Amino acid sequence: MQTLDNLFIYNSLTKTKEKFIPITKGAVGMYVCGPTVYSNVHLGNCRTFLSFDLVFRYLKHLGYKVRYVRNITDAGHLENDGESGEDPILKKARIEQLEPMEVVQKYTVDFHTVMAKFNALPPSIEPTATGHIIEQIEIIKKIMDAGYAYEKNGSVYFDVLKFSESHDYGKLSGRQLEDMISNTRELAAQSDKKNPQDFALWKKADPQHIMRWPSPWSVGFPGWHLECTAMSTKYLGETFDIHGGGMDLKFPHHECEIAQAEACYETAPVNYWMHSNMLTLNGRKMAKSTGNFILPEQMFTGENDILNKPFAPSVIKFFIYQAHYRSILDFSSDALEASEKGYNRLMEAVKMIENLPHAKTNSIDIESWRQQCYDAMNDDFNSPILIAQLFEAAKWIYAAKEGKETFTAEGIQLLQKTMNDFLFDVLGLEPPSNTIGLSESKLNAVINLLIEIRNHARENKDFATSDKIRDRLAAEGIQLKDGKEGTTFQLN
Ligand code: AMP
Ligand code: ZN
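Computed from a predicted model, the values in this text were never measured in an experiment. (Residues numbered from 1 in each chain as written. Chains lettered and ligands numbered in written order. Predicted model: local features only at pLDDT ≥ 70, side-chain atom pairs only at ≥ 80, totals over all residues. Heavy atoms only, no water.)

Undergrad: Help me understand the overall build of the protein chain in this model?
TA: Along the protein chain, the regular secondary structure elements total 17 helices and 15 strands. In terms of overall dimensions, the protein chain has C-alpha extents of about 85 × 65 × 40 Å along its principal axes. Residues classed as buried in the protein chain amount to 52% of the 492 residues present. For the protein chain, contacts bridging at least 24 residues in sequence account for 73% of all contacts bridging at least 6. Here the protein chain displays about 22,200 Å² of accessible surface, and carbon together with sulfur accounts for 50% of that area. Each charge class in the protein chain can be summarised by its mean position, and for the 53 positive and 65 negative side chains these summaries are 3 Å apart. (Helix = DSSP H or I, 4+ residues; strand = E, 2+ residues; numbered from the N terminus. Buried < 20%, exposed > 50% of the residue type's maximum accessible area, 1.4 Å probe, protein only. Contact = heavy atoms within 4.5 Å. Areas by Shrake-Rupley, 256 points an atom, 1.4 Å probe, with all protein chains shown as cover. Lys, Arg positive; Asp, Glu negative; His and termini not counted. Charge placed at Lys NZ, Arg CZ, Asp CG, Glu CD.)

Undergrad: Looking at this model, I keep getting lost on the coordination of the zinc ion (ligand 2). Mind explaining?
TA: Under perfect tetrahedral coordination by four donors, a metal shows angles of 109.5 degrees; under perfect octahedral coordination by six donors, it shows angles of 90 or 180 degrees. Within the protein, the atoms that donate to the zinc ion (ligand 2) are Cys33 (SG), Cys228 (SG) and His253 (NE2), at distances of 2.0 to 2.2 Å. Mapping the donors of the zinc ion (ligand 2) onto the primary sequence gives the spacing C-x194-C-x24-H. Here cysteine 33 is found in the loop between strand 3 (27–32) and helix 1 (43–62), whereas its partner cysteine 228 is found in helix 7 (residues 224–236), with 195 residues between them in sequence. The class of cysteine 33 is buried, set by a relative accessible area of 5%. On the basis of relative accessibility, which here comes to 1%, the residue cysteine 228 falls in the buried class. (Donors = N, O, S within 2.8 Å, 3.2 Å for Na, K, Ca; no water.)

Undergrad: Would you mind going over the site of ligand 1 with me for this structure?
TA: In the vicinity of ligand 1 there are 15 residues, among which Thr36, Thr48, Asp248, Leu279 and Met286 approach most closely. Glycine 44 has a polar backbone atom sitting 3.0 Å from a nitrogen atom of ligand 1. Between ligand 1 and threonine 48 there is a distance of 2.7 Å, counted from a nitrogen atom to a side-chain nitrogen or oxygen. Taken by itself ligand 1 offers 500 Å² of open surface, and the protein chains cover 90% of this. Ranked by residues supplied to the shell around ligand 1, first place goes to helix 1 with four residues. (Near = heavy atom within 4 Å. Polar contact = N/O pair within 3.5 Å; in protein donor to acceptor, adjacent residues only side chain to side chain.)

Undergrad: Would you explain the pattern of salt bridges in this entry?
TA: Side-chain pairs of opposite charge can arise whenever the charged atoms involved come near each other. Tallied over the entire structure, the rule returns 22 salt bridges. Salt-bridge contacts for lysine 234 lead to glutamate 135; the nearest nitrogen and oxygen are separated by 2.6 Å. Residue lysine 234 is found in helix 7, and its partner glutamate 135 is found in helix 4 (residues 133–145); the two are separated by 99 residues along the sequence. Given a relative accessible area of 43%, lysine 234 falls into the partly exposed group. (Salt bridge = Lys/Arg side-chain N within 4 Å of Asp/Glu carboxyl O.)

Undergrad: Whenever I open this one, the packing of aromatic side chains confuses me. Can you help?
TA: Geometrically, a pair of aromatic rings is defined through the distance of the ring centres and the angle of the planes. Applying the stated rule across the entire model yields 18 aromatic pairs. Geometrically, the ring pair formed by phenylalanine 318 and tyrosine 343 is tilted, given 5.9 Å between the ring centres and 55 degrees between the ring planes. In this pair, phenylalanine 318 sits in helix 10 (residues 313–321) while tyrosine 343 sits in helix 11 (residues 333–353), placing the two residues 25 residues apart along the sequence. Considering the side-chain rings of phenylalanine 318 and phenylalanine 391, the 6.1 Å spacing of their centres and the 75 degrees angle between planes classify their relative orientation as edge-to-face. Here phenylalanine 391 lies in helix 13 (residues 383–401) and phenylalanine 318 lies in helix 10, a separation of 73 residues in the sequence. Phenylalanine 318 sits in the buried class, given a relative accessible area of 1%. When its relative accessible area of 24% is taken as the criterion, phenylalanine 391 is described as partly exposed. (Phe/Tyr/Trp six-rings, centres within 6.5 Å; stacked < 30°, edge-to-face > 60°.)

Undergrad: Can you walk me through the pairing of strand 2 (residues 16–19) in this structure?
TA: Where a strand is regular, its side chains alternate between the two sheet faces. Sheet topology note: the strand 1 (residues 8–11)/strand 2 ladder contains four bridges and is antiparallel. By the bridge assignment, asparagine 11 is partnered in strand 2 with threonine 16. Counting the residues that bridge the hairpin from strand 1 to strand 2 gives four residues, and of these lysine 15 lies at a positive phi of roughly 55 degrees. (Pairing = 2+ DSSP bridges.)

Undergrad: I keep staring at the sheet that holds strand 12 (residues 284–285) and nothing clicks. Help me out?
TA: Backbone hydrogen bonds hold the strands of a sheet together, and the pairing may be parallel or antiparallel. Here three strands make up an open sheet; going across it, the order is 12-11-13 and the pairing mixed. The open sheet has two edge strands with one neighbour each: strand 12 and strand 13 (329–331). Sheet analysis places strand 11 (residues 279–281) next to strand 12, joined by two bridges and oriented antiparallel. Bridge pairing in strand 12 places threonine 280 opposite lysine 285.

Undergrad: It is not clear to me how the nonpolar core should be interpreted in this structure. Could you clarify?
TA: Residues Leu43, Phe158, Phe331, Leu390 and Met419 are the most contacted members of the largest nonpolar core, which totals 122 residues. Ranked by residues supplied to this core, first place goes to helix 1 with 11 residues. Among residues more than four places away in sequence, those in contact with leucine 390 are Leu346, Trp369, Cys373, Met419, Phe422, Leu423 and Leu427. (Core = buried A, V, L, I, M, F, W, Y, C linked by side-chain atoms within 4.5 Å.)

Undergrad: Would you explain the side chain of aspartate 192 in this entry?
TA: Tracing the sequence through the fold places aspartate 192 in the loop between helix 6 (177–183) and strand 7 (199–204). At 4.5 Å, lysine 152 is the nearest oppositely charged side chain to aspartate 192, a buried residue that forms no salt bridge. A distance of 2.9 Å separates polar atoms of two side chains, one belonging to aspartate 192 and the other to asparagine 153. Those residues in contact with aspartate 192 that lie beyond four places of it in its chain are Tyr150, Lys152, Asn153 and Tyr157.

Undergrad: Is there a simple way to explain the packing of helix 4 against helix 8 (residues 250–265) in this structure?
TA: Any two packed helices are characterised by how steeply their axes cross, that is the angle between the axes, and by the distance between the axes. It is the contact of helix 4 with helix 8, at a shortest axis distance of 8 Å, that shows an interaxial angle of 65 degrees. Taken together, the axis directions place helix 4 and helix 8 in an arrangement best described as roughly perpendicular. Crossing angle aside, the handedness with which helix 4 passes helix 8 is left-handed. Each of Ile139, Lys142 and Ile143 in helix 4 lies in contact with helix 8, whose residues at this interface are Gln260, Ala263, Cys264 and Tyr265. (Axes fitted to C-alpha atoms, helices over the stretch in contact; angles between N-to-C directions. Parallel < 35°, antiparallel > 145°, perpendicular 65-115°, else oblique. Left-handed = near helix turned anticlockwise from the far one by under 90°.)

Undergrad: What exactly am I supposed to notice about the packing of helix 2 (residues 88–96) against helix 3 (residues 100–117) here?
TA: Contact geometry for helix 2 and helix 3: axes closest at 8 Å, N-to-C directions at 100 degrees. Between helix 2 and helix 3, the crossing angle belongs to the class labelled roughly perpendicular. Residues Ile89, Leu90, Lys92, Ala93 and Glu96 of helix 2 form the contact with helix 3, whose participating residues are Pro100, Val103, Val104, Lys106 and Tyr107. Grouping the constituent residues of the contact of helix 2 with helix 3 by class yields seven nonpolar, no polar and three charged. (Nonpolar A, V, L, I, M, F, W, Y, C, P; charged D, E, K, R; others polar.)

Undergrad: For this particular structure, what's the right way to read the sheet that holds strand 3?
TA: With parallel pairing, the four strands of this open sheet are ordered in space as 4-3-9-10. Here the strands that pair on one side only, and so sit at the sheet edges, are strand 4 (65–70) and strand 10 (270–276). For this sheet, the mean angle separating the axes of adjacent strands, direction not counted, is 20 degrees. Direction of pairing for strand 9 (residues 240–246) relative to strand 10: parallel, over a ladder of six bridges. Note that in strand 10 the partner of phenylalanine 240 across the bridge is valine 270.

And the structure:
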């Protein structure tokens, strides 16, 4: 059966699938770059976070003790994209007339709400950049002491050329130094840099920059790449098992993280680099900056111009997992509708298992099928292959109902356990009854209708019906209270 040493992970650094061997037996340290909280997360962002939720869930399912750290970027992530180089949180604060920390709070809450609706597990630690300024300053000092950073006019830059003399800068992204010159995510005051590919570790704050902290070099703020080095090594150690993020973060962000950590600790920070691929809409990357995006909430309610109907979070998640995390996934209403049909078929099959007739023999080798489910996930978290296996089981279940396949009582039990393990524990889907929740107003309308019917029954002295309504609602945790003003209800 599945054991802890059968998992293979595609390592973006070596570009091969490698057997997963954690630093500490039975335990995994995983860091994933979290969102920059200046706007609502779009479905593209969610795809990346759901990819790593699957990794987290599967590692836990295998029995690993996982410390999963996912940060919140609430300072320092400057825009480049050829424009102002402004901090997007400050920009949003200006536009919405909010304190920067109000912007941060608003969109952190949105992020958590959306992830909870997708039934994603919260990480073990969710540190913020602003909560780790001291740690970031300490790392800058270490990098400067090692000779890989320099100060200019109150700002500190990482010296990429100097670092490259003794280290392989570009090994993750495969970029050559010469090509990087034009591609580096530029920060303001470029002229202070020795070379254009150098990147900021600390920036002196302009007078209008509200988010600022004292440091040995100036009152300013840390560079974006630094927070992840500070927080990953603080909570997971100088070298840890897995670092994840979207493909678009490979360069410069993760390349810079490697450089910072190596300059600081002279050791590779990460054993397995994992990158999830992009969600596209109309063939183009889903992105806030281009307006080519859809928000999860717009999908749940159906209030958008892209989809023909609303979709439950579990259906959207199922659609996402029907592609492997390293493949590009294009989003469309038709593809989602196809996923919804498949999802419903699987859920129907799960409901049917219990009532299957018991036979003397199994016509299917369930043990071997269960192992194939594990084999799929052990092969770099191959969820589409896993889902294909689950569909295979659904086919047998439908056939068994018609007597065309047979299962013993034990066989049925293992089938049920495996379906539950993978659908609910590993993929983190929810049965349809939980996914299409009644809104509060609809729930109120339904209960008030029942109260009306009960009143009518009482007027007709049909106490059997009126008591039945009261008792059955009470059993569901809904207490009816009869008072002078009529009947009210209370949810327990
Ligand atoms: P950001 O808030 O921009 O730092 O992005 C948060 C995460 O979402 C990062 O890991 C990005 O790689 C990821 N991401 C952004 N756009 C997409 C997309 N279209 N598809 C998948 N992941 C994305
Ligand atoms: Zn990061």
